[in-house]
Amino acid sequence: KEGAVEFFIPELPDLISKDMEVFYNPFMAINRDFTVLILKAYSKLKAKKLFVADPMSASGVRVLRLLKETNAVEKAFLNDIKKEAIELAQKNLEGHQNVEYFNKDANVFLLENKGFDYIDIDPYGSPVPFLESAIKSLKTGGLIGITATDTASLSGSYPFKAFRRYGSKPLDSEFYHESALRILIKSVIEASFRLDSVLKPVFGFSYRHFLRAFFVKLKGVSKAVDISTKIGYIGYCHSCKFRESYTCILDLPKFCPLCGDFFDYGGPLYIGSIYDNELLNIMKDEDFAHFHKDTVKVFTNILKESSIKSPWFYKANIFGKGIMPKLKQILKDLNAKPTHFSPEGFKTDLDFKYVKEYFEKWA
Ligand SMILES: C[S@@+](CC[C@H](N)C(=O)[O-])C[C@H]1O[C@@H](n2cnc3c(N)ncnc32)[C@H](O)[C@@H]1O
């Protein structure tokens, strides 16, 4: 059972892995909750039902949930390279008429069946091999949800792997979850630019071992200039923790402007706003009854942090080992908001120097 549905899956092994006959990961219920939530909202925003593609559908649970928990689907198209997966999806979706099944490579499926209003890319590891066909297959004005589970490389544990896949240098810092998500977002935008289209981020989060970002395909390419000014770099000092976003790599100082130590960097990555307020406003009024408690927690924090313009969240413990104030106190004193990226994290638009001085009084 997951959300409001019951369905068949193979017996779960102790270790969830690609080797399962048909893949199902119960921890990804949160990932699917957000698909349900955003599709309900997006369908309302567009005032229409959607043609939905699930090119890596596995058991079909995502589409089953969309059909049972939303009124958003006109027709769903499920595909998986594994025959056993599609057979199980057919069993799980028995009785639903507005569904078609395919057993192809996802790229072939996407290029042969264009014009979707929603595409869900949920591969093992990196979504990069599927970006171009998904962008081509998405209708103008359509929504795309992209999952990445290769978070270790995006977060800085395997920098060369990240560079090879995403064309960016990851940054090892206390806010690595956020820089990882922003590298993923950058690479999706970049892929859209290469195809003469523009994908604009509208929602995103990091949870446990995965990252998830949603984008809308804009009409025309005139917005490309605006979005390209939001692609830049994060400069970071490992000594004093000073951080600053830069739009041009030539502006990155070699030494920390605050303490003079070596100044590290990450990027290119997306430095603009991740959230679309119109969509957030509709999402917040949806029914959360069937969602996992962590989905509610993540969304509640996203609602709060979306009011802060500055990226790069803080953690109090980076500024010293003393007894630090409780998060509630910090939020009040620094005009800050909690962040879904970390239970101890917070975001503020206040100047870095002010934040640092505040904590130095406690350290
Ligand atoms: C992470 S699972 C997807 C889980 C599913 N979306 C869900 O929510 O339960 C990845 C799926 O992609 C399928 N797959 C892997 N490579 C593929 C490819 N090149 N084309 C189509 N399907 C592929 C696998 O068989 C597997 O079922």
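Since the model is a prediction, treat every value here as computed from it, not as a measurement.

**Student:** Lay out the overall build of the protein with the relevant residues and their values.
**Tutor:** When helices and strands are counted, the protein shows 13 helices and 13 strands. Projected onto its principal axes, the C-alpha positions of the protein cover 65 × 40 × 40 Å. Across the 363 residues that make up the protein, the buried fraction comes to 56%. Look at the contacts in the protein between residues 6 or more apart in sequence, and 67% of them connect residues 24 or more apart. Summed over all atoms, the accessible surface of the protein reaches about 16,400 Å², with 53% contributed by carbon and sulfur.

**Student:** Kindly report on the sheet that holds strand 13 (residues 342–347), identifying the contributing residues and their values.
**Tutor:** One open sheet holds the three strands; their spatial order is 11-13-12, and the pairing between them is antiparallel. Since the sheet does not close on itself, it has two edges, and those belong to strand 11 (314–315) and strand 12 (337–339), each with one partner. Contacting strand 12 and strand 13, helix 11 (residues 293–305) crosses the sheet at an angle of about 135° to strand 12.

**Student:** Please set out helix 8 (residues 176–194) residue by residue, giving values where relevant.
**Tutor:** For helix 8, built from 19 residues, the straight-helix expectation of 27 Å at 1.5 Å per residue is met to within 8% by its first-to-last C-alpha distance of 27 Å. Of the residues trailing helix 8, Asp 196 is marked for its positive phi of about 60°.

**Student:** Requested: an account of the side chain of Asn 25, with residues and values cited.
**Tutor:** Structurally, Asn 25 is set in the segment before helix 1 (29–46). Asn 25 sits in the buried class, given a relative accessible area of 8%.

**Student:** So, unusual backbone geometry: which residues are in play, and what are the values?
**Tutor:** A cis amide bond links Gly 267 to the next residue, Pro 268, at an omega of 5°. Take Pro 268: it is sitting in strand 10 (residues 264–270).

**Student:** How would you sum up the environment of Phe 210? Please name residues and give values.
**Tutor:** Examined against the element boundaries, Phe 210 turns out to sit in strand 7 (residues 210–218). The class of Phe 210 is buried, set by a relative accessible area of 1%. Considering only alpha carbons, one finds Phe 210 and Leu 66, 144 residues apart in sequence, at a separation of 21 Å.

**Student:** Describe in detail the sheet that holds strand 4 (residues 116–121), supporting the description with residues and values.
**Tutor:** The seven strands are arranged 3-2-1-4-5-7-6 in an open sheet whose pairing can be described as mixed. Both outer strands of the open sheet, strand 3 (99–102) and strand 6 (198–207), are each paired with one neighbouring strand and no more. Direction aside, neighbouring strands of the sheet carry axes that sit 15° apart on average. In terms of strand pairing, strand 4 meets strand 5 (residues 138–148) through five bridges, oriented parallel. In the sheet register, Ile 119 faces strand 5, and the bridge partner there is Ile 144. Along the sheet face, helix 8 touches strand 5, strand 6 and strand 7 and points at about 35° away from the line of strand 7.

**Student:** Explain the side chain of Asp 150 to me, and be specific about the residues and the numbers.
**Tutor:** Along the chain, the position of Asp 150 falls in the loop between strand 5 and helix 6 (151–154). Look at Asp 150 and you get buried, because its relative accessible area is 8%. Here Asp 150 is in contact with Gly 125, Ser 126, Arg 165 and Tyr 166, once residues within four sequence places are set aside.

**Student:** An account of the packing of aromatic side chains is requested, with residue identities and associated values reported.
**Tutor:** The geometry of an aromatic ring pair is captured by the separation of the ring centres together with the interplanar angle, meaning the angle of the planes. A complete count under the given rule lists 30 aromatic pairs for this structure. Ring plane angle 65° and centroid distance 5.2 Å describe the contact between Phe 77 and Phe 116, whose orientation is recorded as edge-to-face. Of this pair, Phe 77 sits in strand 2 (residues 73–79) while Phe 116 is found in strand 4, placing the two residues 39 residues apart along the sequence. A residue is classified by how much of its surface remains accessible, and Phe 77, at 11% relative accessible area, is buried. Since its relative accessible area comes to 2%, Phe 116 is described here as buried.

**Student:** Explain the site of the ligand residue by residue, including any values.
**Tutor:** In the vicinity of the ligand, 19 residues are found, and the nearest of them are Arg 32, Asp 80, Asp 105, Ala 106 and Asp 122. Met 56 is positioned such that a nitrogen or oxygen atom in its backbone is 2.9 Å from a nitrogen atom of the ligand. Here an oxygen atom of the ligand and a side-chain polar atom of Arg 62 are 3.2 Å apart. Burial of the ligand by the surrounding chains reaches 91%, relative to a free accessible area of 600 Å². Classifying every residue of the shell around the ligand by side-chain character gives ten nonpolar, two polar and seven charged.

**Student:** Talk me through the domain arrangement of the protein; I want residue IDs and the actual numbers.
**Tutor:** Its domain assignment divides the protein into domain 1 (26–305) and domain 2 (314–360). Placing the centre of domain 1 and that of domain 2 at their C-alpha centroids yields a distance of 28 Å. Among the residues domain 1 hides against domain 2, the three largest losses belong to Glu 174, Arg 243 and Glu 305. Together they make up 33% of the total. Here domain 1 is connected to domain 2 by two salt bridges. Put simply, Lys 347 and Glu 178 hold a salt bridge, and the shortest N to O gap is 2.9 Å.

**Student:** Can you break down the pairing of strand 2 residue by residue, with the values?
**Tutor:** The buried fraction of strand 2 is high, at five of seven residues. Across five bridges, the pairing between strand 1 (residues 50–54) and strand 2 is parallel. When the sheet's bridge partners are listed, Leu 50 is paired in strand 2 with Val 73. At this point the chain moves from strand 1, through helix 2 (residues 61–69), to the parallel strand 2, and the crossover so formed is right-handed.

Cut-off values and rules
Residues numbered from 1 in each chain as written. Predicted model: local features only at pLDDT ≥ 70, side-chain atom pairs only at ≥ 80, totals over all residues. Heavy atoms only, no water. Helix = DSSP H or I, 4+ residues; strand = E, 2+ residues; numbered from the N terminus. Buried < 20%, exposed > 50% of the residue type's maximum accessible area, 1.4 Å probe, protein only. Contact = heavy atoms within 4.5 Å. Areas by Shrake-Rupley, 256 points an atom, 1.4 Å probe, with all protein chains shown as cover. Pairing = 2+ DSSP bridges. Axes fitted to C-alpha atoms, helices over the stretch in contact; angles between N-to-C directions. Expected span 1.5 Å × (residues − 1). Phe/Tyr/Trp six-rings, centres within 6.5 Å; stacked < 30°, edge-to-face > 60°. Near = heavy atom within 4 Å. Polar contact = N/O pair within 3.5 Å; in protein donor to acceptor, adjacent residues only side chain to side chain. Nonpolar A, V, L, I, M, F, W, Y, C, P; charged D, E, K, R; others polar. Domains from an automatic or database assignment. Buried area = accessible area lost by both parts, 1.4 Å probe. Salt bridge = Lys/Arg side-chain N within 4 Å of Asp/Glu carboxyl O. Right-handed = clockwise from strand over helix to strand, strands pointing away.

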